Amino acid sequence: MLGDLHSESEELDRLVAPLEPGRWLLATPSPGWSIAHQIAHLTWTDSAALLAVTDPGAYAGESRKALAAPDTFVDEGAAAGAVLQPAELLARWRDGRARLYGALRGAPPGARFPWYGPPMSAASMATARLMETWAHGQDIADALGVRREPTARLRHVAWIGVRARDYAYAVRGEQPPAGPFRVELAGPQGELWTYGPEGAAQRVTGPALDFCLLVTQRAHRADLAVRAEGADADAWLDIAQAFAGPAGPGRAPKGAR
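Read on for an overview of the structure. (Residues numbered from 1 in each chain as written. Predicted model: local features only at pLDDT ≥ 70, side-chain atom pairs only at ≥ 80, totals over all residues. Heavy atoms only, no water.)

**Details of the overall build of the chain**
Turning to step 1, where the next piece is worked out: A count of helices and strands for the chain gives 10 helices and six strands.
Turning to step 2, where the next piece is worked out: For 257 residues, the compact-globule estimate of 2.2 N^0.38 gives 18 Å, and the C-alpha radius of gyration of the chain, at 18 Å, lies within 12% of that figure.
Turning to step 3, where the next piece is worked out: Projected onto its principal axes, the C-alpha coordinates of the chain cover approximately 50 × 40 × 35 Å.
Turning to step 4, where the next piece is worked out: Within the chain, the fraction of its 257 residues that count as buried is 49%. (Helix = DSSP H or I, 4+ residues; strand = E, 2+ residues; numbered from the N terminus. Rg over C-alpha atoms; globule rule 2.2 N^0.38 Å. Buried < 20%, exposed > 50% of the residue type's maximum accessible area, 1.4 Å probe, protein only.)

**Topic: the packing of aromatic side chains**
Pairs of aromatic rings are described using the distance from one ring centre to the other and the angle between the two planes.
Turning to step 1, where the next piece is worked out: Within the structure shown, the criterion is met by six aromatic pairs.
Turning to step 2, where the next piece is worked out: With centroids separated by 6.0 Å and ring planes inclined at 55 degrees, the aromatic side chains of Phe 211 and Trp 236 adopt a geometry described as tilted. Placement of the pair is Phe 211 in helix α9 (residues 208-215) and Trp 236 in helix α10 (residues 231-239), with a sequence separation of 25 residues. Both residues of the pair, Phe 211 and Trp 236, belong to the buried class.
Turning to step 3, where the next piece is worked out: Taken together, Trp 44, Tyr 59, Trp 115 and Tyr 116 form an aromatic cluster joined through their ring pairs.
Turning to step 4, where the next piece is worked out: The ring of Trp 93 carries Arg 97 above its face, with NZ or CZ at 4.2 Å from the centroid.
Turning to step 5, where the next piece is worked out: Lying over the aromatic face of Phe 181, Arg 165 brings its terminal NZ or CZ to 4.3 Å of the ring centre. (Phe/Tyr/Trp six-rings, centres within 6.5 Å; stacked < 30°, edge-to-face > 60°. Lys NZ or Arg CZ within 6 Å of the ring centre and 35° of its normal.)

**What to know about the pattern of salt bridges**
Turning to step 1, where the next piece is worked out: Counted according to the given criterion, the structure contains 19 salt bridges.
Turning to step 2, where the next piece is worked out: Across the pair Arg 94 and Asp 13 runs a salt bridge whose closest N-O atoms are separated by 2.8 Å. Taken together, the residues span a long stretch of sequence, with Arg 94 in helix α5 (residues 86-105) and Asp 13 in helix α1 (residues 2-16) at a distance of 81 residues.
Turning to step 3, where the next piece is worked out: With its nearest N and O atoms 3.9 Å apart, the salt bridge here joins Arg 203 to Glu 229. Placement of Arg 203 in strand β5 (residues 202-207) and of Glu 229 in strand β6 (residues 227-229) is noted, with a sequence separation of 26 residues between them.
Turning to step 4, where the next piece is worked out: Accessibility expressed as a relative area gives 18% for Arg 203, which makes it buried.
Turning to step 5, where the next piece is worked out: Glu 229 gets classed as partly exposed once you look at its relative accessible area, which sits at 43%.
Turning to step 6, where the next piece is worked out: When salt bridges with common partners are traced through the structure, they connect Glu 8, Glu 11, Arg 148 and Arg 153 into a single cluster. (Salt bridge = Lys/Arg side-chain N within 4 Å of Asp/Glu carboxyl O.)

**What about the sheet that holds strand β3 (residues 181-186)?**
Turning to step 1, where the next piece is worked out: Spatial strand order, β4-β3-β5-β6: four strands in an open sheet with mixed pairing. Strand pairing shows two members of the sheet lacking a second neighbour, β4 (192-195) and β6, which therefore form its edges. Shown here is a sheet whose adjacent strand axes are inclined to one another by a mean of 15 degrees, direction ignored.
Turning to step 2, where the next piece is worked out: Pairing of β5 with β6 involves three bridges; the strand directions are antiparallel. Paired with Arg 203 across the bridge in β6 is Glu 229. (Pairing = 2+ DSSP bridges. Axes fitted to C-alpha atoms, helices over the stretch in contact; angles between N-to-C directions.)

**Considering the environment of Leu 2**
Turning to step 1, where the next piece is worked out: On the secondary structure map, Leu 2 appears in helix α1.
Turning to step 2, where the next piece is worked out: Spatially, the C-alpha atom of Leu 2 lies 6.9 Å from that of Tyr 101, the residues being 99 residues apart in sequence.
Turning to step 3, where the next piece is worked out: In this structure, Leu 2 is in contact with Tyr 101, Leu 104, Arg 105 and Ala 126, ignoring residues within four places of it in sequence. (Contact = heavy atoms within 4.5 Å.)

Take a look at the structure:
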């Protein structure tokens, strides 16, 4: 897992490292966020994750600040880092993620760490960091007009998207469905990734890439080839989110932009 997280981060690093300083100011699909905001957010979140792993008491204080400003704390964290010179921001991101890798690698077996959503194991924390790195990397790639080839690392993003099904309801104050869902996704090489019991009445199918874009809210459902069978599965696809924190507004359909 940590190897995949490292690979995902390095791929994004290779995308942003050669950019001229002015290109860090390019707008991304996330309203109000430049490429610098995207990297600043990853830097800030890596720092929070490192604190959760190494000093849960100090992390609790930071978490309380976030709870006091649930609609603004993410933007504020990104904005604070985005004002740095690109070279300094890049260095901070590299240093922070290296420290986090080390802390996760040395975490005791079975340890669980606090987070903005449910507590996480070291493996789950690494999965969440990979998901965020991929998602914010997608925004950066879109801003640069770059098409990234999907990799088998998407399996981690899909997994956390499936596991976060009930969280998507809870964060909206809604009751999740009682029954399990079956999710069947076509991986980048045509392999089938499956989650949930085969005989479940509620089903979701489609390309793994599209499902990952959906649960990270990087594309609108109308623009993706993800399909639902059953009313509960259909409703879930409208609210699915793989990330912790408040429900995001999502992205508008391409025709509405």
